[in-house]
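# Descriptive analysis of the structure
Now for the letters of each chain:
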Amino acid sequence: DAGVIQSPRHEVTEMGQEVTLRCKPISGHNSLFWYRQTMMRGLELLIYFNNNVPIDDSGMPEDRFSAKMPNASFSTLKIQPSEPRDSAVYFCASSWTSGTYNEQFFGPGTRLTVL
Amino acid sequence: DQQVKQNSPSLSVQEGRISILNCDYTNSMFDYFLWYKKYPAEGPTFLISISSIKDKNEDGRFTVFLNKSAKHLSLHIVPSQPGDSAVYFCAARGFSYGQNFVFGPGTRLSVLP
């Protein structure tokens, strides 16, 4: 298995532009997570899906952020409009959850720079 | 308010010696804990876990200790190797959190040859 795939790996954009980050989870996993890592706040959960349904989006910073999971093999995180304070590394992770705890497998991340 | 704390941002250890990374948590409802390792330009990778019904779990050179009364866990790496140099994240989860993990801020370990 190729693991969790994220694209792009790096994104540089200007303030006000729309940014779309993409994630392909590990095949067979039924939970998908979006995280953001910054120096100030460390690794924070933005949103997670279970069976393609958003379960908890309380970590989404504001309405400029939105996430979708149209099917079991694809998810997007969109920021519109982007701001310089959104600059961070965004990770997608997936896991198989069956009522017990299972570790999450992370993608390599997308480094976003908003100028 | 950080529920999972790693109070040492960085740690340097000589190759061959023991590395001890510490993690404290505040939520007594947490019942499952994990350690992740992260190399630069890569995503975190799972290292070892422990359930609250145990106080120790070993996997090769890595051992995690859990002290529930102190709400403290530690990761021991013996012997430390230069390839262990990475950022280590402690993460915790409890039933009320569903599938969410709460991550600590990480500790950067440098193993010096």
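To be clear, the structure that these remarks concern was listed above.
None of the values given here were measured: they were computed from a predicted structure.

Applying the stated rule across the entire model yields 2 disulfides over all chains. For Cys23(A), the disulfide goes to Cys92(A), at an S-S distance of 1.9 Å. Taking the sign of the S-S torsion, -65 degrees for the link of Cys23(A) and Cys92(A), the bridge is left-handed. With Cys23(A) in strand β3 (residues 19-24) and Cys92(A) in strand β9 (residues 88-95), the pair connects residues that are 69 residues apart, well separated along the chain. For Cys92(A), a relative accessible area of 0% puts it in the buried group. Put simply, Cys23(B) and Cys90(B) are joined by a disulfide, and their sulfur atoms are 2.0 Å apart. With the S-S dihedral at roughly -70 degrees, the linkage between Cys23(B) and Cys90(B) falls on the left-handed side.

What follows is about the sheet that holds strand β7 (residues 62-67) of chain B. Hydrogen bonds along the backbone pair up the strands of a sheet, which may run parallel or antiparallel. Residues and elements named next belong to chain B. The strand order across the open sheet built from 5 strands is β1-β3-β8-β7-β6, with neighbouring strands paired in antiparallel fashion. Strands with a single pairing partner mark the edges of an open sheet, and in this sheet they are β1 (4-5) and β6 (56-59). Bridge count for strand β3 (residues 19-25) against strand β8 (residues 72-77) is 6 bridges, and the pairing is antiparallel. Of the residues in β8, the one forming a bridge with serine 19 is isoleucine 77.

On to the nonpolar core, then. Ranked by size, the top nonpolar core spans 24 residues in total, and within it Phe33(B), Trp35(B), Leu73(B), Leu75(B) and Tyr88(B) carry the most contacts. Examining the composition of this core, we find that 4 residues originate from one element, strand β9 (residues 86-94) of chain B, more than from any other. Core analysis: the next-biggest nonpolar cluster, separate from the first, contains 21 residues, Trp34(A), Met69(A), Tyr90(A) and Leu112(A) among them.

In this section: the interface of chain A and chain B. Counting residues at the interface gives 18 residues for chain A and 20 residues for chain B. In this assembly, chain A and chain B are joined by 2 residue pairs in polar contact (both at pLDDT 80 or more). Put simply, the parts of the chain that give the side of chain A that touches chain B at least two residues each are β4 (31-38) and β5 (42-50) of chain A. Looking at side-chain class alone, the side of chain A that touches chain B contains 9 nonpolar, 6 polar and 3 charged residues.

Moving on: the pairing of β7(B). It is a general feature of regular strands that their side chains alternate between the two faces of the sheet. Residue and element names in this part refer to chain B. Pairing geometry for β6 and β7, over 4 bridges, is antiparallel. Pairing of glutamate 58 across the sheet is with threonine 63, part of β7. In textbook terms, the turn of a hairpin is the stretch between consecutive antiparallel strands, and for β6 and β7 this stretch comprises 2 residues, one of which, glycine 60, has a positive phi near 65 degrees. Of the pairings in the sheet, the one linking β7 to β8 comprises 6 bridges and is antiparallel in character.

With an omega of -10 degrees, the peptide bond running from Ser7(A) to Pro8(A) counts as cis. Checked against the element boundaries, Pro8(A) lands in the loop between β1 (5-7) and β2 (10-13). Put simply, Val78(B) and Pro79(B) share a cis peptide bond, and its omega is -15 degrees. Along the chain, Pro79(B) falls in the loop between β8 and β9.

Conventions used here
- Every chain's residues receive numbers from 1 upward, in the order its sequence appears when written.
- The order in which chains are written sets their letters, starting at A; the order in which ligands are written sets their numbers, starting at 1.
- Whole-chain, interface and lining totals are the exception, using all residues; otherwise, since this is a predicted model, local features are given only for residues with pLDDT of at least 70 and side-chain atom pairs are given and counted only at 80 or more.
- With hydrogens and water set aside, each side-chain value is computed from the structure's full complement of heavy atoms.
- Throughout, disulfides are identified as pairs of cysteine sulfur atoms within 2.5 Å of each other.
- Under the DSSP-based scheme used, a helix requires at least four consecutive residues in state H or I and a strand at least two consecutive residues in state E, with every element numbered from the N terminus.
- Exposure classes here rest on a 1.4 Å probe applied to the protein chains alone. A residue is buried below 20% of its type maximum, exposed above 50%, and partly exposed in between.
- Between any two strands, pairing holds if DSSP finds at least two bridges.
- Residues grouped as a nonpolar core are buried Ala, Val, Leu, Ile, Met, Phe, Trp, Tyr and Cys residues, joined through side-chain atoms within 4.5 Å.
- We call two residues in contact when some of their heavy atoms are within 4.5 Å.
- Any N or O atom pair separated by 3.5 Å or less is treated as a polar contact, with the protein-specific requirement of one donor-capable and one acceptor-capable atom, and with residues adjacent in sequence counted only for side-chain atom pairs.
- Under the scheme applied, nonpolar residues are Ala, Val, Leu, Ile, Met, Phe, Trp, Tyr, Cys and Pro; charged residues are Asp, Glu, Lys and Arg; polar residues are all the others, including Gly.

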